[in-house]
Amino acid sequence: MDRTASGWLNGMIGVVIFSGSLPATRLAVMQFDPVFLTVARAGIAGALALLLLLFFKEKRPARRDILSLMVVAAGVVVGFPLLTALALQHVTSAHSVVFVGLLPLATAVFGVIRGGERPKPVFWLFAVTGSALVCGFALSQGLTAAPVGDALMMAAIIVCGLGYAEGAKLSRTLGGWQVISWALVLSLPLMILSSIWFMPASFSNIDAPALAGLAYVSLFSMLIGFVFWYRGLAQGGIASVGQLQLLQPFLGLTLAATLLHETVTWTMLAATAAVIACVAAARKFAG
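An account of the accompanying structure is given in this report. A quick note: this is a predicted structure, and the numbers were derived from the prediction, not measured.

## So, the overall build of the protein chain
Move 1: When helices and strands are counted, the protein chain shows 13 helices and 0 strands.
Move 2: Within the protein chain, the fraction of its 287 residues that count as buried is 53%.
Move 3: Contacts in the protein chain between residues at least 24 apart in sequence constitute 91% of all its contacts with a sequence separation of at least 6.
Move 4: Element-wise, carbon and sulfur atoms account for 70% of the exposed surface of the protein chain, whose accessible area totals about 13000 Å².

## Observations concerning a nonpolar patch on the surface
Move 1: Taken together, the side chains of Ile44, Leu48, Leu51, Leu219, Phe220 and Ile224 make up a nonpolar region of the molecular surface, amounting to roughly 460 Å² of accessible area.
Move 2: By relative accessible area, Ile44 is classed as partly exposed at 36%.

## Description of helix H9 (residues 176–198)
Move 1: With 23 residues, H9 extends 31 Å from end C-alpha to end C-alpha; this agrees with the ideal 33 Å at 1.5 Å per step.
Move 2: Leu188 marks the point of greatest bend in H9, at about 55°, and the proline Pro189 comes within the next four residues.

## Here's the deal with the pattern of salt bridges
Move 1: Going through the model one piece at a time under the given rule, you end up with 1 salt bridge.
Move 2: Between Glu166 and Arg114 there is a salt bridge, with its nearest N and O atoms 2.6 Å apart. Here Arg114 lies in helix H6 (residues 103–115) and Glu166 lies in helix H8 (residues 147–174), a separation of 52 residues in the sequence.
Move 3: Owing to a relative accessible area of 2%, Glu166 belongs among the buried residues under this scheme.

## Looking at the nonpolar core
When a protein is soluble and globular, its nonpolar side chains tend to lie buried together.
Move 1: The biggest cluster of nonpolar side chains holds 49 residues, and the ones touching the most others in it are Val76, Val77, Tyr164, Phe226, Trp229 and Tyr230.
Move 2: Broken down by secondary-structure element, the contributors of at least two residues to this core are helix H1 (3–18), helix H3 (34–55), helix H4 (63–87), H6, H8, H9, helix H10 (208–236) and helix H11 (238–242).
Move 3: Judged by nonpolar contacts, the second largest core, of 17 residues, contains Ala24, Ala28, Ala40 and Leu214.

## Here we look at H8
Move 1: Its 28 residues give H8 an end-to-end C-alpha distance of 39 Å, which sits within 8% of 40 Å, the value for a rise of 1.5 Å per residue.
Move 2: Once H8 finishes, Gly175 follows within two positions and takes phi at roughly 105°, a positive value.

## Considering the packing of aromatic side chains
Move 1: Scanning all chains against the criterion turns up 12 aromatic pairs.
Move 2: Consider the rings of Phe32 and Phe36, whose centres lie 5.6 Å apart with planes at 35°: the pair is tilted. Across this residue pair, the class does not change: Phe32 and Phe36 are buried.
Move 3: With centroids separated by 6.0 Å and ring planes inclined at 65°, the aromatic side chains of Tyr164 and Phe226 adopt a geometry described as edge-to-face. With Tyr164 in helix H8 and Phe226 in helix H10, this residue pair connects regions lying 62 residues apart in the sequence. Across the pair, exposure class does not vary: Tyr164 and Phe226 are buried alike.
Move 4: Through pairs of rings, three or more aromatic residues link up here, namely Phe18, Tyr164, Phe226, Trp229 and Tyr230.

## Considering the packing of H4 against H8
How two helices pack is summed up by the angle between their axes together with the distance between the axes.
Move 1: Look at H4 against H8: their axes get within 8 Å of each other, and the N-to-C directions meet at 150°. By the criterion of interaxial angle, the relationship of H4 to H8 is roughly antiparallel. Crossing of H4 against H8: the hand is left-handed.

## Here's the deal with the side chain of Thr84
Move 1: Tracing the chain through its elements places Thr84 in helix H4.
Move 2: Take Thr84: its relative accessible area is 2%, and that puts it in the buried class.
Move 3: Here Pro81 takes part through its backbone oxygen, which lies 3.1 Å from a polar atom of the side chain of Thr84.
Move 4: Residues in contact with Thr84, not counting those within four places in the same chain, are Leu22, Met153 and Ala156.

The rules behind the values
- Residues numbered from 1 in each chain as written.
- Predicted model: local features only at pLDDT ≥ 70, side-chain atom pairs only at ≥ 80, totals over all residues.
- Heavy atoms only, no water.
- Helix = DSSP H or I, 4+ residues; strand = E, 2+ residues; numbered from the N terminus.
- Buried < 20%, exposed > 50% of the residue type's maximum accessible area, 1.4 Å probe, protein only.
- Contact = heavy atoms within 4.5 Å.
- Areas by Shrake-Rupley, 256 points an atom, 1.4 Å probe, with all protein chains shown as cover.
- Patch = residues over 30% accessible without salt bridge, like charges linked within 9 Å, V, L, I, M, F, W, Y side chains within 5 Å.
- Salt bridge = Lys/Arg side-chain N within 4 Å of Asp/Glu carboxyl O.
- Expected span 1.5 Å × (residues − 1).
- Bend = angle between axes of the 7 residues up to and from the residue.
- Core = buried A, V, L, I, M, F, W, Y, C linked by side-chain atoms within 4.5 Å.
- Phe/Tyr/Trp six-rings, centres within 6.5 Å; stacked < 30°, edge-to-face > 60°.
- Axes fitted to C-alpha atoms, helices over the stretch in contact; angles between N-to-C directions.
- Parallel < 35°, antiparallel > 145°, perpendicular 65-115°, else oblique.
- Left-handed = near helix turned anticlockwise from the far one by under 90°.
- Polar contact = N/O pair within 3.5 Å; in protein donor to acceptor, adjacent residues only side chain to side chain.

Next comes the structure, spelled out in structure tokens:
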């Protein structure tokens, strides 16, 4: 398998894992404080990342990489999880699909700014079209206005796009799983102290779904998903592979249909087919 195909495969695995993040976060914030959820998930993932780095005897990152790792930590370890957790107190996970549809575009923009990529003009046409299709599909599901939640989700998309692009750029030299691991370890002391400070007085009244949500976002959303995602972005190109995120809302709905027995409509299938076409076209013209 060539490097580009491997990048798309790794990216797709990452997207499948991330597709459960917002529903899991929604379950968790129903009983956990959003700040505690943010620092706890980062603390758990950070502890596991530290063990991985020690086990494989990874060298410390160079001094020149520290600033980039801080950007990654600020964007995907703290920024996106905290902002989405706060937003999901005001909006449903279905509502957040509108903003997830803008994430590939944000990633591509920061890929140009931070990653030095230069996609062809036609790429942007298909990237914008794909984002518009996802947002249009989400709006067609009947979403209510929630200004605070919308503002928080928009901020989350911006910091996440920056974190994705910065991490992918760094992955080219440091390695995919090493980037997210070092970013988690860099923020670990603060996350542990914050987890203790914001910890609930008791876990006895926390139901299993909330605990399962915490476990998922800690292990999969915060660590395992990034192992595949950053490797995919580094191998296949930030702007190009980043378009796979357009499929994330539909994958989430598919999971809901499979696990929760929700109905999958023909409009969902049609929108998914159109988005897949945009992703394929964007890949061709990515550069």
